[in-house]
Amino acid sequence: MKQRWLGRGAFAPTNDATVAVDVADSWLVDEGRCRGLDLHRERFTRSCAHPDAGLFFDDVLPLLPRTGRWFPRIEFHQGEFRAWVRPAPPPSSSVSLWFPDRPDPRKRPLVKGPDLETLLKLRAQGGDGTEAVLVSPEGWVREGALSSLMWWRGDVLCGPPDGPGLLPSVTRALVLRIAARRGQKVVFEQVGVRALDGLVCWSMSALHGIRSAGPVGSIDGRRQSWQEELLGLAE
């Protein structure tokens, strides 16, 4: 059940079923451990632009279970903060990409939350086990509906450049930290969907970490090693 924040560490249950939100964020809690929590806090408080956003975020942390696997969601809507401690869906190591026949429908791509309902409906059109790829009006690949995308060209890790159409992804930021630590060459490029044909792609999110999203039957020998290092960042 969702809980409404009353301030000073106090929460009250709410039956508010409002779907629309101004800002939202979620992250994985696995046996009391989280990764990139500081980045989630920074993104949420920045997007809310409310003086109490940081206090609310900090008050949510004691609500999180220390055992089990959870996927809490926090929300800000019309001046009110809410928290929702949800069980995490089962982990997944792969996903299929599909390409909608219309450009990225988001109205505020730099903020996670206001377009979530639209993105969930869009992804559902592709069926279970799929991720919708968001493409700019010019035809450039941006990201997945609920994930960040990168791809491999030989030994080079590639991805779309930061910009006004790209949500600041916590998992992407952590993967880029791993790349820097490994001395991995990374190239940011604007590409159309056809440029991804035959390439091994990664769909990256707070829930699943890194998922292979390449051609059917392709072998992604790098994913497990990078995934293990990503999971090792949890604290």
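Residues numbered from 1 in each chain as written. Predicted model: local features only at pLDDT ≥ 70, side-chain atom pairs only at ≥ 80, totals over all residues. Heavy atoms only, no water.

Q: Explain the overall build of the chain here, please?
A: Secondary structure assignment for the chain yields five helices and 15 strands. Against the compact-globule benchmark of 18 Å for 235 residues, the chain has a radius of gyration of 18 Å, which places it among compact chains. Summarising its shape, the C-alpha atoms of the chain cover approximately 50 × 35 × 30 Å along the three principal directions. Looking at the 235 residues of the chain, the share that counts as buried comes to 47%. Across the chain, the fraction of contacts at a sequence separation of at least 24, relative to all contacts at a separation of at least 6, is 63%. As presented, the chain carries roughly 11600 Å² of accessible surface, and 52% of it is formed by carbon and sulfur atoms. Each charge sign in the chain was given a centre, from 31 positive and 28 negative side chains, and these centres are 0 Å apart. (Helix = DSSP H or I, 4+ residues; strand = E, 2+ residues; numbered from the N terminus. Rg over C-alpha atoms; globule rule 2.2 N^0.38 Å. Buried < 20%, exposed > 50% of the residue type's maximum accessible area, 1.4 Å probe, protein only. Contact = heavy atoms within 4.5 Å. Areas by Shrake-Rupley, 256 points an atom, 1.4 Å probe, with all protein chains shown as cover. Lys, Arg positive; Asp, Glu negative; His and termini not counted. Charge placed at Lys NZ, Arg CZ, Asp CG, Glu CD.)

Q: Explanation requested: the nonpolar core in the structure shown.
A: The nonpolar side chains of a soluble globular protein tend to be buried, and buried together. Of all hydrophobic cores here, the largest spans 18 residues; its most connected members are W27, F44, C48, F56, V60, I74 and F81. If you list the elements that add at least two residues to this core, you get helix 1 (37-48), helix 2 (53-60), strand 6 (73-77) and strand 7 (80-84). If near-sequence neighbours (up to four positions away) are discounted, F81 is found in contact with Q3, R4, W5, F44, C48, H50, D52, A53, F56, E75 and F76. Counting 15 residues, the second-largest nonpolar core is a separate cluster that includes L174, V200, W202 and I210. (Core = buried A, V, L, I, M, F, W, Y, C linked by side-chain atoms within 4.5 Å.)

Q: What exactly am I supposed to notice about the side chain of D220 here?
A: Inspection of the secondary structure puts D220 in the loop between strand 15 (209-212) and helix 5 (223-231). Nearest to the buried, unbridged D220 among oppositely charged side chains is R223, at 5.3 Å. Polar contacts involving the side chain of D220 include one to the main-chain amide nitrogen of R223, which spans 3.3 Å. Those residues within four positions of D220 in sequence are excluded, and the remaining contacts are V200, W202 and S212. (Salt bridge = Lys/Arg side-chain N within 4 Å of Asp/Glu carboxyl O. Polar contact = N/O pair within 3.5 Å; in protein donor to acceptor, adjacent residues only side chain to side chain.)

Q: I would appreciate a short explanation of the sheet that holds strand 10 (residues 141-144) in the present structure.
A: Two orientations exist for strands paired in a sheet by backbone hydrogen bonds: parallel and antiparallel. A sheet is described by the order of its strands in space; here three strands give the open sequence 8-9-10, paired in mixed fashion. The outermost strands of the open sheet, each flanked by one partner alone, are strand 8 (96-98) and strand 10. This sheet shows a mean twist of 35 degrees between the axes of neighbouring strands, independent of strand direction. (Pairing = 2+ DSSP bridges. Axes fitted to C-alpha atoms, helices over the stretch in contact; angles between N-to-C directions.)

Q: Looking at this structure, I do not really get the environment of S169. What am I missing?
A: Secondary-structure assignment places S169 in the loop between strand 12 (156-159) and helix 4 (170-182). Sequence-wise, S169 and S148 are 21 residues apart; in three dimensions their C-alpha atoms are separated by 6.5 Å. Apart from the residues within four sequence positions on either side, S169 is in contact with R43 and S148. Of note is the side chain of S169, whose polar atom sits 3.4 Å from the backbone nitrogen of T171.

Q: Looking at this structure, how should I read the side chain of E75?
A: Positionally, E75 belongs in strand 6. Given the relative accessible area of 1%, E75 is considered buried. Of note is the side chain of E75, whose polar atom sits 3.2 Å from the side chain of K2. Not counting chain neighbours up to four residues away, the residues in contact with E75 comprise K2, V21, V23, A24, F44, F56, E80, F81, R82 and W84.

Q: Looking at this structure, how should I read the environment of R43?
A: Following the sequence through the fold, R43 ends up in helix 1. For R43, a relative accessible area of 7% puts it in the buried group. The sequence separation of R43 and E228 amounts to 185 residues, and the corresponding C-alpha distance is 24 Å. Only 3.0 Å separates the side chain of R43 from the side chain of D25, close enough to count as a polar contact.

Q: Can you help me understand the state of the cysteines in this one?
A: Two cysteines whose sulfur atoms are joined by a covalent bond form what is called a disulfide. Enumeration according to the criterion identifies zero disulfides in this entry. Here C158 is not disulfide-linked; the sulfur of C201 is the nearest cysteine sulfur, at 10.0 Å. Judged by relative accessible area, C158 falls into the buried class, the value being 2%. (Disulfide = S-S within 2.5 Å.)

Q: Can you walk me through the pairing of strand 3 (residues 23-26) in this structure?
A: Both faces of the sheet carry side chains from a regular strand, because those side chains alternate between them. Residues V23 and D25 line one face of strand 3 and the alternating positions A24 and S26 line the opposite face, and both faces are buried. Summarising the sheet, strand 3 and strand 6 pair through four bridges and their orientation is antiparallel. The residue of strand 6 that forms the bridge with D25 is I74.

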